[in-house]
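# Summary of the model geometry
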Amino acid sequence: MNEKLQSINLNNVPRHIAIIMDGNGRWAKGKGMQRVFGHKNALTAVREAVDASKQIGTKFVTLYAFSTENWNRPKLEVDALMSLLVSALKKELPEFHKKGIKVNSIGAVDQLPKTAQKTLQKVIEETQNNNVITLTFALSYGSREEIVNAIKNISKKVVNNEIDVKKIDEKIINNHLYTFNLPDVDLMIRTSGEQRISNFLLWQMAYAELYFTDVLWPDFRQEDLFDAVINYQNRERRFGKTSEQIGTDV
Ligand code: IPE
Ligand code: IPE
Ligand code: MG
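Residues numbered from 1 in each chain as written. Chains lettered and ligands numbered in written order. Predicted model: local features only at pLDDT ≥ 70, side-chain atom pairs only at ≥ 80, totals over all residues. Heavy atoms only, no water.

### Some details on the overall build of the chain
Our working rule: Helix and strand definitions follow DSSP, with helices as H or I runs of at least four residues and strands as E runs of at least two, each counted in order from the N terminus. We call two residues in contact whenever any of their non-hydrogen atoms come within 4.5 Å of each other. The protein chains shown are the only cover counted for residues, whose accessible areas, like all others here, come from Shrake-Rupley with a 1.4 Å probe. As used throughout, the charge tally considers Lys and Arg to be positive and Asp and Glu to be negative, leaving His and the chain termini uncounted. To locate a charge, take NZ of a lysine, CZ of an arginine, CG of an aspartate or CD of a glutamate.
A count of helices and strands for the chain gives 9 helices and 6 strands. Counting only C-alpha atoms and orienting by the principal axes, one finds that the chain spans roughly 55 × 55 × 35 Å. Sequence separation of at least 24 residues holds for 78% of the intrachain contacts in the chain that already meet a minimum separation of 6. If you sum the accessible surface of the chain, you get close to 13400 Å²; carbon and sulfur atoms cover 50% of it. Taking the 34 positively charged and 30 negatively charged side chains of the chain as two groups, their mean positions are separated by 6 Å.

Following this line, the structure appears as structure tokens:
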């Protein structure tokens, strides 16, 4: 058995891991190639991250694949990313079934090209009864856009007397986010050495542990996910309390 995997306490694994898959462009450049070459080589890393999460028993993995801001990239790159998304989803469908992966998406997916929307919808429908792990792709996702959208939908319900303003609470807001069916993020991993959130799951990461690694996304392997989880397990999640209160101050 893998040495790193062995040192993980399986009774304390993050339930929800979110990953900002960053560094594809730099990885390609480092090899003297075009940026798109990096995106093409990102799929292995996705498989490794999901397989590693599955091995430790994490039930939810969310991958930041395309942000609302990424629409501002050169058209050639955006088009390449969209067609890679379609081909990757098609290619992976048998694997999703074999591994019990339920595919989900968050974001303004209606902004994606029609073919991407159709493929995504098909994969989501066909995998909906799988229950080993929920793999969520954040596509055309922006946390601020998500919050704006939630406020609009809640406001409409207030106007229609479906929601009483006095009853608006965190639960109601949660239920109007794209992530309504996902638990809060426990561990957020960002590759490529950048230490920022880039408009990802702002609400859902309120109490997540953040882990940054210099590894560029196409190089990310199971061991790297295990490293992140080991690091996570060495932290104390206090949620505002003191060490004494949670009984770790010995
Ligand atoms: C992450 O890699 C993939 C997407 C944002 C789609 P980048 O394309 O951001 O790679 P760098 O950050 O330029 O190296
Ligand atoms: C964040 O990466 C979005 C995804 C990984 C899909 P970026 O590379 O676009 O982030 P910034 O713009 O450098 O913060
Ligand atoms: Mg980047």
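Now that the structure is up, let's keep going.
### A few points about the site of ligand 1
Quick reminder of the rule: One heavy atom suffices: a residue is near a molecule or strand as soon as one of its heavy atoms comes within 4 Å of it. Definition of a polar contact: a pair of N or O atoms within 3.5 Å, with one able to donate and the other able to accept a hydrogen when the atoms are protein atoms, and with sequence-neighbouring residues admitted only if both atoms are side-chain atoms. Throughout, the protein atoms alone are placed on a 1 Å grid, and a set of points is a cavity if a 1.4 Å probe fits but cannot get out or a pocket if it is open with protein on both sides within 12 Å along at least five of seven lines; lining residues have an atom within 4 Å of a point. A pocket or cavity is taken to hold a molecule when more than half of that molecule's atoms are within 2 Å of the pocket's grid points. Lys, Arg, Asp and Glu make up the charged group, whereas Ala, Val, Leu, Ile, Met, Phe, Trp, Tyr, Cys and Pro make up the nonpolar group; the residues left over, Gly among them, are polar.
All residues adjacent to ligand 1 are Met21, Asp22, Gly23, Asn24, Gly25, Arg26, Arg35, His39, Ala65, Asn70, Arg73 and Leu81. Backbone polar atom of Gly23 to an oxygen atom of ligand 1: 3.3 Å apart, as the coordinates give it. With respect to ligand 1, the side chain of Arg35 contributes an N or O atom lying 2.8 Å from an oxygen atom. Bound to the protein, ligand 1 loses 87% of the 380 Å² it would expose on its own. According to the grid-proximity analysis, the pocket containing ligand 1 is the largest pocket. Put simply, the parts of the chain that give the shell around ligand 1 at least two residues each are α2 (24-30) and α3 (35-40). The element best represented in the shell around ligand 1 is α2, accounting for 3 residues. Residues of the shell around ligand 1, tallied by class, amount to 3 nonpolar, 5 polar and 4 charged.

### Observations concerning the UniProt feature "active site" (unreviewed entry) in the chain
Rule in force here: UniProt positions are given in the numbering used here, feature names are shortened, and annotations may be inferred rather than shown by experiment. When accessible area is computed with a 1.4 Å probe and restricted to protein chains, residues below 20% of their type maximum are described as buried, those above 50% as exposed, and intermediate ones as partly exposed.
When the UniProt feature table is mapped onto this chain, "active site" (unreviewed entry) is found at Asp22 and Asn70. The named residues occupy 49 residues along the chain; their greatest pairwise C-alpha distance, 12.1 Å, places them in one compact cluster. Here the residues from the annotation list that line the largest pocket are Asp22 and Asn70. Within the fold, Asp22 resides in the loop between β1 (16-20) and α2. What makes Asp22 buried here is its relative accessible area of 15%. Leaving out residues up to four positions away in the same chain, Asp22 has contacts with Arg190, Thr191, Ser192, Glu194, Leu216 and Trp217. Within polar-contact distance, the side chain of Asp22 engages the side chain of Arg190 at 2.8 Å. Looking at the element boundaries, Asn70 is found in the loop between β2 (60-67) and α5 (75-99). There is a polar contact of 2.8 Å between the side chain of Asn70 and the backbone nitrogen of Ser67.

### As for the sheet that holds β1
Defined as follows: Here, strands pair whenever DSSP counts at least two bridges between them. Axis definition: a line fitted to C-alpha atoms, over the contacting stretch in the case of helices. Angles run 0 to 180 degrees between N-to-C directions.
Spatial ordering of the open sheet is given by β3-β4-β2-β1-β5-β6, a layout of 6 strands whose pairing is parallel. One side of each edge strand has no neighbouring strand; the edge strands of this open sheet are β3 (101-106) and β6 (209-212). The mean angle between the axes of side-by-side strands here comes to 20°, regardless of whether they run parallel or antiparallel. With 4 bridges joining them, β1 and strand β5 (residues 187-190) adopt parallel strand pairing.

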